[in-house]
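Residues per chain, in single letters:
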Amino acid sequence: MGKKIFVSYKYADDQVEHLGCDDSTTTVRDYVTDFENRIDSSNHIYKGEHDEEDLSQLEDDTIWEKLKEKIYDSTVTVVFISPGMKENSKDRDQWIPWEISYSLKETSRKNKNGDAVTSKSNAMLAVVLPDKEGEYSYYLEELDCCNAKCIMHHTGKLFSILKNNKFNYKKKRKYNCEQDKEIWQGTCSYIEAVKWCDFIENIDYYIDKAIDRQKDIDDYDIQKEVEKKRSEEDGY
């Protein structure tokens, strides 16, 4: 069954790999448009803002009400991680943390009959976009750990609410084989991260995995509020 998908992202971040064959500047919005076009032919429904839908001239409160309506009517929130996504120490002044927070909350709204209907916490997924060189290592860095391969998540680059919903699986399977290196195995996070190149080739698979995690949401320590302070810790 198709899902209603909301995308949270930084519109004008241009620190990403070029898309297309012309010389125009690529921004994260171009990746969102590519994703939107790809799911048009599937049974999913895109609930985010469209490229021609300019909200910039509206008051912040009006924009937020429109965004909340879109999130409330969605079942999956996909967060696009990009190199210039986060401005340091400004979590509370940017849209993405609030969109994540609202996506995770159970929210009641009245339907057309005046009855209160409560939404579930959305399924969540983070998609890491490539930087200008086509690399993902600014967030997902491949390393040699304990005589094997592992991937380091540079969670200090994330908004606090996103970081705090990483590595939050209660049934932890992890070990330390080197000083200061905590290695996780298997399921790690409610908001798992995937590279754009993998996600765009198998959208349904990653959306379905997010839905599976939502069904088991009680197995995760979920943070739903936007914090003032951020942590700089990284995880493997």
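The structure reproduced in this document is the subject of the present report. Every value quoted in this text rests on a predicted model; they were computed, and no experiment measured them. (Residues numbered from 1 in each chain as written. Predicted model: local features only at pLDDT ≥ 70, side-chain atom pairs only at ≥ 80, totals over all residues. Heavy atoms only, no water.)

## Concerning the overall build of the protein chain
- Regarding its fold elements, the protein chain presents six helices and 11 strands.
- Taken across its 236 residues, the protein chain has 47% of its residues classed as buried.
- A total accessible area of about 12800 Å² is found for the protein chain, and carbon and sulfur atoms account for 42% of it. (Helix = DSSP H or I, 4+ residues; strand = E, 2+ residues; numbered from the N terminus. Buried < 20%, exposed > 50% of the residue type's maximum accessible area, 1.4 Å probe, protein only. Areas by Shrake-Rupley, 256 points an atom, 1.4 Å probe, with all protein chains shown as cover.)

## Side note on the nonpolar core
- By size, the foremost hydrophobic cluster in this structure holds 51 residues, and its most contacted members are Phe35, Phe80 and Trp196.
- The element best represented in this core is strand β6 (residues 123–128), accounting for six residues.
- With residues up to four places along the chain from it excluded, the contact list for Phe35 reads Ile5, Val7, Phe80, Trp196, Phe199, Ile200 and Ile203.
- Residues Phe6, Trp64, Leu67 and Ile71 belong to the second largest nonpolar core, which totals seven residues. (Core = buried A, V, L, I, M, F, W, Y, C linked by side-chain atoms within 4.5 Å. Contact = heavy atoms within 4.5 Å.)

## Some points on the pairing of strand β7 (residues 140–145)
- One ladder, built from six bridges, connects β7 with strand β8 (residues 148–153); its direction is antiparallel. Within the sheet, the bridge partner assigned to Asp144 lies in β8 and is Lys149.
- Hairpin remark: β7 followed by β8, antiparallel, with two residues in the connecting loop; positive phi at Cys146, about 55°. (Pairing = 2+ DSSP bridges.)

## Quick look at the pattern of salt bridges
- Enumeration over the complete set of coordinates arrives at eight salt bridges.
- When the shortest N-O distance is used, the salt bridge between Glu142 and Lys195 registers 3.4 Å. Taken together, the residues span a long stretch of sequence, with Glu142 in strand β7 and Lys195 in strand β11 (residues 192–195) at a distance of 53 residues.
- Among the residues examined, Glu142 registers a relative accessible area of 57% and is labelled exposed.
- Among the ionic contacts, a cluster of salt bridges with common partners joins Lys4, Lys47 and Asp73. (Salt bridge = Lys/Arg side-chain N within 4 Å of Asp/Glu carboxyl O.)

## Examining the packing of aromatic side chains
- Evaluated as defined, the whole model comprises 10 aromatic pairs.
- Look at Phe35 and Phe199: their rings are 5.5 Å apart centre to centre, the planes differ by 40°, and that puts the pair in the tilted class. Of this pair, Phe35 sits in helix α1 (residues 28–39) while Phe199 sits in helix α5 (residues 196–199), placing them 164 residues apart in sequence. You'll find Phe35 and Phe199 in the same group, each marked buried.
- Chaining the aromatic ring pairs together yields one cluster made of Tyr31, Phe35, Phe80, Trp196, Phe199, Tyr205 and Tyr206. (Phe/Tyr/Trp six-rings, centres within 6.5 Å; stacked < 30°, edge-to-face > 60°.)

## With respect to helix α6 (residues 203–215)
- Helix length check: α6 (13 residues) gives 19 Å between terminal C-alpha atoms against 18 Å at 1.5 Å per residue, within 8%.
- Along α6, the positions that sit buried rather than exposed are Ile203, Ile207, Ala210, Ile211, Arg213 and Gln214. Taken around the axis of α6, the buried residues stretch over an arc of 160°, which confines them to a single face.
- Of the surrounding secondary structure, the elements contacted by the buried residues of α6 are β1 (4–8), α1, β3 (76–81), β6, β11 and α5. (Expected span 1.5 Å × (residues − 1). Arc of directions from axis to C-beta.)

## Concerning a negative patch on the surface
- A cluster of acidic residues, Asp204, Asp208, Asp212, Asp216 and Asp218, forms a negative patch on the protein surface.
- Along the chain, Asp208 falls in helix α6. (Patch = residues over 30% accessible without salt bridge, like charges linked within 9 Å, V, L, I, M, F, W, Y side chains within 5 Å. Lys, Arg positive; Asp, Glu negative; His and termini not counted. Charge placed at Lys NZ, Arg CZ, Asp CG, Glu CD.)

## Description of helix α3 (residues 95–104)
- Of all the 10 residues making up α3, eight are buried; the element is thus mostly covered by neighbouring parts of the structure.
- Among all positions of α3, only Ile96, Pro97, Glu99, Ile100, Ser101, Tyr102, Ser103 and Leu104 are buried.

## Description of the sheet that holds β11
- Read from one edge of the open sheet, five strands run β2-β1-β3-β6-β11, paired in parallel fashion. Whereas interior strands pair on both sides, the edge strands pair on one side only; in this sheet they are β2 (45–46) and β11.
- Note: β3 against β6, six bridges, orientation parallel. Each bridged residue has a counterpart across the sheet, and for Val76 the counterpart in β6 is Ala123.
- Across the sheet, α6 lies against β1, β3, β6 and β11, angled at about 140° from β6, the strand it touches most. (Axes fitted to C-alpha atoms, helices over the stretch in contact; angles between N-to-C directions.)

## Observations concerning the side chain of Asn122
- With respect to the helices, strands and loops of the structure, Asn122 is situated in the loop between β5 (116–118) and β6.
- Using a relative accessible area of 4% as the deciding quantity, one classes Asn122 as buried.
- If near-sequence neighbours (up to four positions away) are discounted, Asn122 is found in contact with Ile71, Ser74, Thr75, Val76, Thr77, Ser103, Tyr190 and Gln214.

## Comments concerning the environment of Arg173
- Summarising the element assignment, Arg173 is placed in the loop between α4 (160–163) and β9 (174–178).
- Among the residues examined, Arg173 registers a relative accessible area of 48% and is labelled partly exposed.
- For the pair Arg173 and Ile183, spaced 10 residues apart in the sequence, the C-alpha separation amounts to 8.4 Å.
- The contacts of Arg173, once residues within four sequence positions are left out, are Ile183, Trp184, Gln185, Gly186 and Thr187.

Keep in mind these numbers describe shape, not what the thing actually does.
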